[in-house]
Amino acid sequence: MSIFKTEDEVRDSAKIILQFDKKEKNVQQGTGQITTFNQLGFKGFNDKPDGWYLPDSTFDVAIILETKSEDKDITKQEFIDELFKNIDIISSKYNKTIGILYNGQDIAIYKNKQLIKAAKTLQPKQYYLDLFKDNNIDKNKIYSLTKRINDLLHFKFGIKNLYHRMIFTASALVVERFGGNLEAIKNNGFRPFRNKIYDTLAKSLEEHRQQNLKIDILLEVYSEIRMNVVENQDDINEFIDGIIGISHSVNSDNWNGEDVMGIFFNEFNRYKKKSESGQVFTPEHISSFMYDLLEVSYADNVLDATCGSGSFLVKTMANMLQEVGGNNTKEAENIKQNKLFGIEFDREIFALACANMLIHKDGKTNLEHLDTREAKACEWIKSKPITKVLMNPPYERKYGCKKIVENVLNNVSVGTKCAFILPDKKLEKDKMHSLLKKHTLEMIIKLPENLFDAGITTSIFVFEAGKPQKDKKVFACYMEDDGLERVKNQGRHDIKNRWSDIERYWLDVVTRKVDEQYQTHQWLDPKEHLSYQKPQQEFEIYEEDFKKVVLDYIFFENKIDVKEFNDKLLNSVLYQAEISDDKLVLDLQRGNDDE
């Protein structure tokens with residue numbers, strides 16, 4: 001028989017966690033249902049809050065706590081209404097309010113009465129006070145600095161290889177993030193500058209080698225980068241200033257999982273050679289969407305078996321840290337050390353993945369330099385307690401896309417949810433129907449057709465591993481628009497802040513299996529289709545179409561140049577027109593018999 005905590009026990013526990021039991025200057029804080037709002041300075045209100053944090057300065061953030069016994073469902077409207085009533089009372093003085101509804105297990109956080117995503121466990125009050133801080137990385141600043149760095153590396157330092165420019169930049173950024181103090185080596189010439197990056201990088205990696213010896217590859221690849229000896233000290237100093245600027249922007253306390261390596265790639269990609277094509281970076285908002293689509297939480301162990309530069313792992317780590325209350329909580333270290341697993345075959349891209357995690361002060365992610373097509377990688381996957389898979393594998397057959405998907409599904413535990421971004425028709429073209437003998441394809445979400453610059457149209461394919469499809473149908477829908485728009489030299493961005501609502505809508509569609517707004521939902525028979533089926537437009541032909549075909553044929557038969565004919569017609573009709581009463585009057589009669 002389960003024993004639930006009473007409301008009094010939940011309140012007493014919350015008081016300690018929130019630190020409402022502390023005495024602080026210029027603040028009223030506490031818990032208990034003895035004190036009325038009237039006693040707290042809100043005249044005429046005899047309601048008794050469960051907990052309160054009320055600073056003397058009404059410009060600061062105020063917190064109201066509403067507790068329930070552990071067996072109560074805090075999503076019930078009556079409980080939300082109780083909290084909102086108390087928030088309304090304190091809102092007569094405070095413009096910034098946090099409402100906490102808590103039953104000892106579940107928690108809901110309301111910022112100015114708006115339900116927000118926040119830590120899924122109760123945190124000390126400072127966490128909630130900080131929710132009103134502007135905690136986003138300044139992406140525009142990073143893009144501006146990255147452009148300066150890219151131009152320097154390409155035209156001054158002579159680093160022509162796209163990935164080498166990224167690795168050199170990332171290595172310098174890791175050094176600065178680990179206290180390398182690049183500012184101190186300004187005006188010292190080229191060799192001390194390059195050696196400082198290598199030596200500090202080697203030292204900063206020491207503590208991470210024991211868990212992941214392959215991280216040495218980052219040092220090896222850095223050593224192989226060929227560049228000019230830069231004589232102009234101003235160029236070196238400008239590079240250092242750019243690195244320091246980005247390092248200040250990528251502050252761990254303010255980081256929401258923005259993939260810095262993805263920003264680098266968008267900018268550095270402008271000068272890539274054809275031979276450097278092939279790597280597709282998963283857009284950050286799609287990484288986040290897939291995280292929510294699979295209902296990943298900080299309790300999961302997440303695998304990306306073709307992790308590239310680490311986009312999925314970086315975003316997953318950020319979301320998990322946000323759920324537990326940030327980078328400084330006791331759960332944070334466990335997330336970094338035990339919850340994220342990545343495999344990358346390409347040596348240089350593996351080095352980028354290592355750098356990407358280190359940039360965000362994490363070298364403990366389990367990254368392995370393996371080939372997911374091979375048995376060794378399969379054994380490694382099987383040995384790990386994977387509970388969710390998020391992947392965007394290479395699409396081309398020469399890279400073994402089919403084998404990669406197959407090996408992942410065959411080596412994770414039964415019931416593991418796996419989401420793959422693949423070209424729309426990939427399962428059909430590569431004859432991957434046999435996967436359904438062992439695994440279930442649950443859903444297909446077709447993504448916007450302009451998502452990737454390469455012109456590839458893609459979908460998210462969600463499988464449940466180890467359970468045969470049998471007669472189950474596949475749910476499919478089409479997210480035609482993600483709200484992002486193209487910004488010159490910066491890729492696609494949510495400049496009109498539309499994505500949040502769009503994401504919420506499509507997550508609801510997937511849950512309810514109905515697309516009420518756009519009517520794109522389908523139930524597919526996997527024996528017939530393994531892709532979203534775009535409705536075929538009805539074929540229609542108009543009289544104008546018929547006339548055009550006939551005229552084109554006449555021109556062809558008589559060897560008449562259409563462009564020349566159009567120009568002549570324009571000159572004969574338009575430029576011989578008359579202007580009368582501010583109107584252009586065209587004479588459509590034949591000018592003379594010779595024309």
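Every value quoted in this text rests on a predicted model; they were computed, and no experiment measured them.

*Asks:* What is the right way to read the overall build of the protein chain from this model?
*Replies:* In terms of helices and strands, the protein chain carries 19 helices and 19 strands. Here the protein chain, with 595 residues, has 51% of them falling under the buried criterion. Across the protein chain, the fraction of contacts at a sequence separation of at least 24, relative to all contacts at a separation of at least 6, is 72%.

*Asks:* Explanation requested: the nonpolar core in the structure shown.
*Replies:* One recurring pattern in soluble globular proteins is that nonpolar side chains are buried together. Counting 91 residues, the largest nonpolar core has Phe 157, Phe 168, Phe 193, Phe 239, Leu 293, Ile 421 and Ile 460 as its most contacted members. In this view, Phe 168 contacts Leu 153, Phe 157, Ile 159, Phe 193, Ile 197, Tyr 222, Ile 225, Met 227 and Phe 239; residues no more than four positions away in its chain are not counted. The next biggest cluster of nonpolar side chains, apart from the first, holds 35 residues, and it includes Val 408, Met 432, Leu 441 and Tyr 532.

*Asks:* Mind showing me how you'd approach helix H1 (residues 7–18) here?
*Replies:* Since the α-helix advances by 3.6 residues per turn, residues separated by three or four positions end up pointing in the same direction. Between its first and last C-alpha, H1 extends 16 Å over 12 residues, near the 16 Å set by a 1.5 Å rise per residue. Those residues of H1 that sit buried are Val 10, Arg 11, Ala 14 and Leu 18. Buried residues along H1 cover an arc of 100° about the axis, so they all sit on one side. Among the residues trailing H1, Gln 19 stands out with phi positive, at a value near 65°.

*Asks:* Help me understand the side chain of Thr 97, please; the structure alone is not making it clear to me.
*Replies:* If you trace the backbone, Thr 97 turns up in strand E4 (residues 96–102). Excluding residues that lie within four positions of it along the chain, Thr 97 makes contacts with Ala 62, Ile 87, Ile 90, Ser 91, Tyr 110, Lys 111, Asn 112 and Phe 132.

*Asks:* Would you mind showing me how to read the environment of Leu 358 here?
*Replies:* Among the structural elements, Leu 358 can be located in helix H13 (residues 347–359). When its relative accessible area of 0% is taken as the criterion, Leu 358 is described as buried.

*Asks:* Explain the sheet that holds strand E11 (residues 417–423) to me, please; I cannot follow it from the model alone.
*Replies:* Paired through backbone hydrogen bonds, the strands of a sheet run either parallel or antiparallel to each other. If you walk across this open sheet you meet the nine strands as E9-E8-E7-E10-E11-E13-E12-E14-E17, and the pairing is mixed. For this open sheet the edge positions go to strand E9 (366–368) and strand E17 (522–524), each flanked by a neighbour on one side alone. For this sheet, the mean angle separating the axes of adjacent strands, direction not counted, is 20°. Note that strand E10 (residues 388–391) and E11 share four bridges and pair parallel. Note that in E11 the partner of Met 391 across the bridge is Phe 420. The sheet strands contacting H13 are strand E8 (340–343) and E9, and the helix crosses E9 at an angle near 165°.

*Asks:* Where do I start with the environment of Thr 365 in this structure?
*Replies:* Mapped onto the elements of the fold, Thr 365 is located in the loop between H13 and E9. Separated by 24 residues in sequence, Thr 365 and Phe 341 have C-alpha atoms that sit 6.3 Å apart.

*Asks:* Sorry if this is basic, but what is going on with the pairing of strand E14 (residues 474–478) here?
*Replies:* Within a regular strand, the side chains alternate between the two sheet faces. Across the five residues of E14, five count as buried, placing the element largely inside the fold. Both faces of E14 are covered, namely the face carrying Val 474, Ala 476 and Tyr 478 and the face carrying Phe 475 and Cys 477. Bridge analysis of strand E12 (residues 440–446) against E14 gives four bridges, and the strand direction is parallel. Counted as the bridge partner of Ile 444 is Ala 476 from E14. Alignment of E14 against E17, held across three bridges, turns out to be antiparallel. Residue Val 474 lies in a different strand from E17, and its bridge partner there is Leu 524.

*Asks:* I keep staring at unusual backbone geometry and nothing clicks. Help me out?
*Replies:* Most peptide bonds take the trans form, and the phi angle of most residues other than glycine is negative. Backbone geometry at Asn 26 places phi at a positive 60°, although glycine is not the residue there. As for its placement among the helices and strands, Asn 26 is situated in the loop between H1 and strand E1 (27–31). In this structure, Lys 113 is a non-glycine residue whose phi angle is positive, near 70°. Along the polypeptide, Lys 113 turns up in the loop between strand E5 (107–111) and strand E6 (114–116). Take Lys 113: its relative accessible area is 30%, and that puts it in the partly exposed class.

*Asks:* Got a minute to help me understand the pattern of salt bridges in this structure?
*Replies:* When their charged atoms lie close together, side chains carrying opposite charge are able to pair. By the definition in use, this model includes 36 salt bridges. Here Glu 485 ties to Lys 496 by a salt bridge, and the two come within 3.2 Å at their closest N and O atoms. Taken together, the positions of Glu 485 in strand E15 (residues 485–487) and Lys 496 in the loop between strand E16 (491–493) and helix H17 (499–512) put the pair 11 residues apart, joining distant regions of the chain. Residue classification places Glu 485 among the partly exposed positions, given a relative accessible area of 27%. In the salt-bridge network here, residues are joined through shared partners; they are Glu 7, Asp 8, Arg 11 and Asp 50.

Calculation rules
Residues numbered from 1 in each chain as written. Predicted model: local features only at pLDDT ≥ 70, side-chain atom pairs only at ≥ 80, totals over all residues. Heavy atoms only, no water. Helix = DSSP H or I, 4+ residues; strand = E, 2+ residues; numbered from the N terminus. Buried < 20%, exposed > 50% of the residue type's maximum accessible area, 1.4 Å probe, protein only. Contact = heavy atoms within 4.5 Å. Core = buried A, V, L, I, M, F, W, Y, C linked by side-chain atoms within 4.5 Å. Expected span 1.5 Å × (residues − 1). Arc of directions from axis to C-beta. Pairing = 2+ DSSP bridges. Axes fitted to C-alpha atoms, helices over the stretch in contact; angles between N-to-C directions. Salt bridge = Lys/Arg side-chain N within 4 Å of Asp/Glu carboxyl O.

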